[in-house]
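Structural description and commentary
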Amino acid sequence: MNPVCLLLALLLSGPSPDKDSTALAGPLPQTKESKQELPMTTTVMDGRASWPSSPPGPRRAMEQVVKIYGAGGFGRIEAYGVGILISSKGHILTVSGPMLEGSEITIVTPSGKRAAARLLATEPVHQLAILKAPIDNIAVNDPFERPSLPKVGDVLFALSNAYGIAAGDEPVSLQRGVLSAILEPNQPSKTTYRLDMIVSNPGSPGGALVDATGALVGVIAKERKDPAIGAWVNSAWPISTFAAWAQTVVNGKTPLPVASDDAPPSDRPGVVDWRGIVPLPDVVDKAPPFIDGVEPGSPAERAGLRPNDLVMYVAEHRISSLSDLRHRLADVPPSHSVTLVLLRDDSLIERTLLSSPLERAPAQSDKGVPRP
Amino acid sequence: MSPTLWWMLIVAAAPPLPADLLADEQSRIQMIERVTPSAIALFDAVGSTGGSGVIISEAGLALTNVHVADPIGVALRCGLPDGRLVDAVIVGRDPVGDLALIQLLPKGGYPKAPLGESRPVALGDEVVALGNPFLLSTDFKPTATLGIISGLRRYQYPSGDVLEYTDCLQTDAAVNPGNSGGPLFNRAGEVIGINGRISLEKRGRVSVGVGYAISAPQIQNFLLHLKVGWTVDHATVGARVATDDSGRVVVDDILSQSPMDQAGVRLGDEIIAFAGRPIGSVNQFKNVLGIYPSGWPVVVAWRRDDERFQAVIRLSGLRSNAGQPEAPPDRRQDSPPLKKSRPPKTKPRPIPQIVARAYEKKPGFANYRFNREARDQLLASLLKSAPQGPPRRWRIKLREGDKPVELDLSNEKLVATVAGQTIDVSPSGDPVNESGMDALALALDQWRRLEVADRSWFSRCDHAGGYPEHPVGAATESGPLPLVILPTLLLERAGIETLLSVAGQGDEVRRLYVRFSPDSTPLELTLTDYVNAGAERRPRRIRWERVGQPVKELTVFTWESAP
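Residues numbered from 1 in each chain as written. Chains lettered and ligands numbered in written order. Predicted model: local features only at pLDDT ≥ 70, side-chain atom pairs only at ≥ 80, totals over all residues. Heavy atoms only, no water.

1. Thoughts on the overall build of chain A
Inclusion rule: Only runs of H or I of at least four residues qualify as helices and only runs of E of at least two qualify as strands under DSSP, and these elements are numbered from the N terminus. The rule is simple: take the accessible area with a 1.4 Å probe, protein chains only, and divide by the maximum for that residue type; under 20% is buried, over 50% is exposed, in between is partly exposed. Exposure was quantified through the Shrake-Rupley algorithm and a 1.4 Å probe, taking into account, for residues, occlusion by the shown protein chains and nothing else.
The helix and strand inventory of chain A stands at five helices and 23 strands. The burial tally for chain A puts 54% of its 372 residues in the buried class. Split by element, the accessible area of chain A, about 16,100 Å² in all, is 53% carbon and sulfur.

Here it is, written out as structure tokens:
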């Protein structure tokens, strides 16, 4: 766990910076399936006292959530995360990102067992990834069998490794909130759940969003600041947005890229087209951000990028590795421009890259393709 | 149609809300109304800094955080939800546990909230935080936020050697700057924790749904220490633990003469239980260690080569050992302050008279006045049946197994006779055979001196706070012994340090812990089965324990107290 970007602050209120900035910082409905109204609370009784608690379903669902540790631990790139067991063969759904790009990925099961995991597939549109770990003897509910479809206003629970608080066999963090909105409900691949609980925290993306019965509803999306309002938004991807892809990976087949030829996903969060840049093969942990090639007709070519350019800065952020570059470009909303500072023949030059909407599936990228 | 009519139609057409939902809402409202009077807002004299607190006694004792109370100082201002603004004085401080106890002045007549849960807190329990976020409540009415318990037994690293959150509660109820020191309630309206910390990252100093509260069980362990005016210390065992490759928690480093070392724990031993809790991770060990005051006896169990060992150790002080003054907590500038402007430095205000009368400064104490008063009360209770008049001589006849023992204790000399053999003991604490009956004579004489001379014979007589009746984690065949915290006196004379714990109706000495010199292994006596001997209460059984020695069981036959 990395405490560097985890500022734990005491809650003293007051004006003096050197004083106050001390940073240490219901029962399961056994009724008909059609009944969607789930209790927000259940009453726990032990003879002496009774008062509301959360229904037991979300606590049981913790058995399907694993902690993930990988590369990172500097800046705002966390070395910890969370994922959901989606098959009894050890498939784990999580979010893609630099954490999975190191040489080692470790998962810790709810019982505290550690195992090495490997990255099996990534999905660029929703920035999801599937890992596989040699774990067995874990009963996994197939989340795709009967997907839970919540309604706006339903009480939901988030299970996540927020701030990496939980270690070893300690249960992950449990949060409660309501489904605030369902965005783009008519476009299955773009549907987004908006939540009123704060899940845009480090260690939360990749966590499970469950209903009061503990049934999986979605996966917590990557942390994202809405460029229009400048605020961090709390969202999750419904099962329907990734089910087909995930099932294909679990079944060991080559999945089709999610971004198909339908409408351009111009407002898809966190996805930027950088296909025009052909990077050096990303074989070492800190591969230098050299451009190996530029695709003809691509935004990269239009911006004037050339092979052998070394990317020094993206929008004033120092770039130290290919994964860093990918991460920074992923923060740029589609149809936005970003200034790149390049080192070319001993001189620094500035180029503006216009991130266009995705028009077709990545051609030569390994994304969306299972790794051996 | 007018919008009003539309609205009426919509309302009329809406299905009725479920009865249990409405009942739940009503019970929540009632619970918040019930506990709100106890939630207070804290400020300094000029209102430039502050936080929250909760009243836990009718007399007006209130809990808050050290990091709220310390910047305010000895004299605090408290706003009550009924609109009253009263003075308060610091009573006790726990810098490691981030807890402070204050007394509202004048004493008496305050609304209180019950401290401690009647049912263990469970993951997912609904909770309500009351407090003064962003110092909003200019009318002193607290802000209520609702959430659930997101995690239990969380560990949050200290800042330097202070402000360590161990075994704490994690909640998604909104907790913001200014909520510090305020109560976290369960739905029964019981204080289950004191909110004091939040996780922060990219949004600045606002709630991100991850707040931490000091748990009520931890507070209960320290409460008597705080009530009697101490600046309390947390504990260390003089050893470091780490997780090995197979996931076991093993001793990684150990200091010689530390409590663990004296108990026989060695490098590489696996710690399997501490204070009655199984240990499966380093965090769990730190969690358990962090909730007990220094000086408490706890049971530690360890394993070496498949053999299980167990011993009682006395926790040593975390900070007193270092012998260093309190270091200020780390100050990070990257956490932005709540307010941008900083008020002009004003001269420290004079302490109000009502506070000055309730305050007494003394090293090691937050407020010695509370210690003095509590000590005098405890002494009066203990000595209420003690005979008046000239110094008394104790003649005690007892047996250890078949061995008859006679103790003759007077101001002139101490004599122990074991199976006909006489041992003279110097009452001034010459070297003694610490396992012999002369040590027992010297230990019991500390009690006699208290009885014949009150406290004047001792160079030090303070209220030591609360100590457990049995080592924490101790068990009998019928199960674990309950944690009973006894008021205790700290006595010193001629290098002999005594902790004397009082039970019964405040008139029985239950435990005597005596250390003859700083380097010696203390002896511990548990005195039970009290009977009336003349006007006095005397024990019939004495259990004698010393680390590394077999336990001795003594039976008392006569206990004469005569001039």
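Picking up where we left off.
2. Description of the pairing of strand β14 (residues 216–220) of chain A
Residue and element names in this part refer to chain A. How we decide: Only when DSSP finds a minimum of two bridges between them are two strands counted as paired.
Burial analysis of β14 places five of its five residues in the buried class, the great majority of the element. Note: strand β13 (residues 208–210) against β14, three bridges, orientation antiparallel. Directly across from Val210, in β14, lies its bridge partner Leu216. Between the antiparallel neighbours β13 and β14 lie five residues, among them Gly214 with a positive phi of about 95 degrees. Direction of pairing for β14 relative to strand β17 (residues 235–238): antiparallel, over a ladder of three bridges. If you follow Ile220 over to β17, its bridge partner there is Ala236.

3. Description of the environment of Ser281 of chain B
Inclusion rule: Two residues form a contact once any of their heavy atoms are found within 4.5 Å.
Relative to the elements of secondary structure, Ser281 of chain B occurs in the loop between β17 (277–278) and α6 (282–289). In sequence terms Ser281 of chain B and Asn367 of chain B are 86 residues apart; their C-alpha atoms lie 38 Å from each other. In this structure Ser281 of chain B touches Glu170 of chain A together with Val249 of chain B, once residues within four positions along its chain are discounted.

4. Regarding a nonpolar patch on the surface
Residues and elements named next belong to chain B. This is how it is decided: Every patch collects residues that have over 30% relative accessible area and no salt bridge, joining them within 9 Å if they carry like charges and within 5 Å if they are nonpolar side chains (Val, Leu, Ile, Met, Phe, Trp, Tyr). Whenever a carboxyl oxygen of Asp or Glu lies within 4 Å of a side-chain nitrogen of Lys or Arg, that contact is scored as a salt bridge.
Taken together, the side chains of Leu17, Leu21 and Leu22 define a hydrophobic patch exposed on the protein surface, amounting to about 270 Å² of accessible area. Within the secondary structure, Leu21 is located in helix α2 (residues 19–35). Given a relative accessible area of 41%, Leu21 falls into the partly exposed group.

5. Some words on empty space enclosed by the protein
Residue and element names in this part refer to chain B. What counts here: Of the two site types, the cavity is a set of points on a 1 Å grid over the protein atoms alone where a 1.4 Å probe fits but cannot get out, and the pocket is an open set with protein on both sides within 12 Å along at least five of seven lines, each lined by residues with an atom within 4 Å of a point. Grid points are joined across faces, edges and corners, and a volume is the space filled by probe spheres set on the points. Residues are sorted three ways: Asp, Glu, Lys and Arg are charged, Ala, Val, Leu, Ile, Met, Phe, Trp, Tyr, Cys and Pro are nonpolar, and all the rest, Gly among them, are polar.
As a volume, the largest cavity reaches approximately 80 Å³. Elements supplying a minimum of two residues to the lining of the largest cavity: α9 (437–453) and β32 (536–545). Taken together, the residues of the lining of the largest cavity sort by class into four nonpolar, one polar and five charged.

6. Here's the deal with the nonpolar core
All names here are of chain B. Note the threshold: By convention a nonpolar core is built from buried Ala, Val, Leu, Ile, Met, Phe, Trp, Tyr and Cys residues, the set being connected through side-chain atoms within 4.5 Å.
Ranked by size, the top nonpolar core spans 77 residues in total, and within it Leu63, Phe274 and Leu315 carry the most contacts. The element best represented in this core is helix α4 (residues 216–227), accounting for five residues. Leave out the neighbours within four places in its chain, and Phe274 touches Val237, Ile279, Phe285, Val288, Leu289, Val298, Val299, Val300, Ile313 and Leu315. Counting 45 residues, the second-largest nonpolar core is a separate cluster that includes Val418, Val509, Trp544 and Leu554.

7. Looking at α4 of chain B
Residues and elements named next belong to chain B. Inclusion rule: One less than the number of residues in a helix, times 1.5 Å, gives the span that helix is expected to have.
Taking 1.5 Å per residue, twelve residues should reach 16 Å; α4 reaches 15 Å between its end C-alpha atoms and fits that length. Within α4, the full set of buried residues consists of Ala216, Gln218, Ile219, Asn221, Phe222, Leu223, His225 and Leu226. Directly after α4, the chain includes Gly229, whose backbone phi takes a positive value near 85 degrees.

8. Considerations on the environment of Ile485 of chain B
Within the element layout of this structure, Ile485 of chain B appears in strand β28 (residues 485–493). In this structure, Ile485 of chain B is in contact with Gln220, Asn221, Trp296, Gly466, Tyr467 and Pro468 of chain B, ignoring residues within four places of it in sequence.

9. Details of the sheet that holds strand β29 (residues 496–503) of chain B
All names here are of chain B. What counts, and what does not: Geometry is summarised by axes, namely lines fitted to C-alpha atoms with helices restricted to the contacting stretch, and by angles between N-to-C directions that run from 0 to 180 degrees.
Taken in spatial order, the eleven strands line up as β24-β23-β22-β21-β33-β32-β31-β30-β29-β28-β25 in an open sheet, and their pairing is antiparallel. Each having just a single partner strand, β24 (421–425) and β25 (460–468) make up the two edges of the open sheet. Strand after strand, the sheet turns through a mean of 25 degrees between neighbouring axes, direction not considered. Pairing analysis gives seven bridges linking β29 to strand β30 (residues 508–515), with the strands arranged antiparallel. Looking across to β30, one finds that Glu497 is bridged to Arg515. Sitting on the sheet, α9 is in contact with β21 (393–400), β22 (403–409), β23 (414–418), β24, β28, β29, β30, β31 (523–533), β32 and β33 (552–562), with an inclination near 40 degrees to β22.

10. A short note on the side chain of Thr192 of chain A
Residues and elements named next belong to chain A. Within the secondary structure, Thr192 sits in strand β12 (residues 192–195). Given a relative accessible area of 10%, Thr192 falls into the buried group. Once residues within four sequence positions are removed from consideration, Thr192 is found in contact with Ala181, Ile182, Leu183, Ser235, Ala236, Trp237 and Pro238.

11. Describing unusual backbone geometry
Residues and elements named next belong to chain B. The omega torsion of the bond from Leu105 to Pro106 falls at -5 degrees, within 30 degrees of zero and hence cis. Here Pro106 shows up in the loop between β6 (99–105) and β7 (126–131). With phi around 50 degrees, Ala275 is a residue other than glycine that occupies positive phi space. Positionally, Ala275 belongs in the loop between β16 (270–274) and β17. Take Ala275: its relative accessible area is 7%, and that puts it in the buried class.

12. Digging into the confidence of the model for chain B
All names here are of chain B. The condition that has to hold: In predicted models, pLDDT denotes the confidence assigned by the predictor to each residue on a 0 to 100 scale.
Here chain B shows a mean pLDDT of 89. Residues at 70 or above account for 92%. Every residue in residues 321–342 scores below 50 in pLDDT, and together they form 50 contacts with partners more than four places removed in sequence or on other chains. Taken over the whole predicted complex, pTM reads 0.81, whereas the ipTM for its chain interfaces reads 0.87.

13. Looking at the confidence of the model for chain A
Detailed reading of the predicted model is not advised wherever pLDDT is low. Confidence in the prediction of chain A, expressed as mean pLDDT, is 76, and 72% of residues score 70 or more. The model gives residues 1–40 of chain A a pLDDT under 50, and that stretch makes 145 contacts with residues more than four places away or in other chains.

14. Observations regarding helix α3 (residues 239–250) of chain A
An α-helical segment advances 3.6 residues per turn. Residues three or four places apart therefore align on the same side. Three or more residues of α3 of chain A are buried, namely Ile239, Thr241, Phe242, Ala243, Trp245, Ala246, Val249 and Val250 of chain A. As for α3 of chain A, its buried residues are in contact with β6 (91–95), β8 (114–123), β9 (128–132), β14 and β17 of chain A.

15. Thoughts on the sheet that holds β6 of chain A
Residue and element names in this part refer to chain A. Ordered in space as β4-β5-β6-β9-β8-β7, the six strands form a closed barrel in which the pairing is antiparallel. Each strand axis lies, on average, 40 degrees off the axis of its neighbour in the sheet, ignoring direction. Sheet topology note: the strand β4 (residues 65–69)/strand β7 (residues 105–108) ladder contains three bridges and is antiparallel. Note on β7: the bridge partner recorded for Ile68 is Ile107. Here α3 sits on the sheet and contacts β6, β8 and β9; the angle it forms with β9, its principal contact strand, is near 25 degrees.

16. Topic: the side chain of Glu524 of chain B
Residue and element names in this part refer to chain B. Put simply, the rule is: Any pair of N or O atoms that falls within 3.5 Å is considered a polar contact. Within protein, one atom must be able to donate a hydrogen and the other to accept it, and sequence-neighbouring residues count only if both atoms are side-chain atoms.
Tracing the backbone shows Glu524 in strand β31. You can call Glu524 buried: its relative accessible area is 8%. A distance of 2.9 Å separates the side chain of Glu524 from the side chain of Arg314, its partner in a polar contact. Those residues in contact with Glu524 that lie beyond four places of it in its chain are Arg314, Arg511, Leu512, Tyr513, Arg543, Trp544 and Glu545.

17. Some remarks on the packing of aromatic side chains
All names here are of chain B. What counts is decided by this rule: Aromatic contacts are taken between Phe, Tyr and Trp rings whose centres are within 6.5 Å, Trp giving its six-membered ring; a plane angle under 30 degrees counts as stacked, one over 60 as edge-to-face, and the others as tilted.
Taken as a whole and assessed by the stated rule, the structure comprises twelve aromatic pairs over all chains. Considering the side-chain rings of Trp302 and Phe309, the 5.6 Å spacing of their centres and the 15 degrees angle between planes classify their relative orientation as stacked. A relative accessible area of 24% places Phe309 in the partly exposed class. Seen from their ring centres, Trp394 and Trp559 are 5.3 Å apart, and the 65 degrees between their planes marks the pair as edge-to-face. You can see Trp394 sitting in strand β21 and its partner Trp559 sitting in strand β33, a full 165 residues away along the chain. You'll find Trp394 and Trp559 in the same group, each marked buried.

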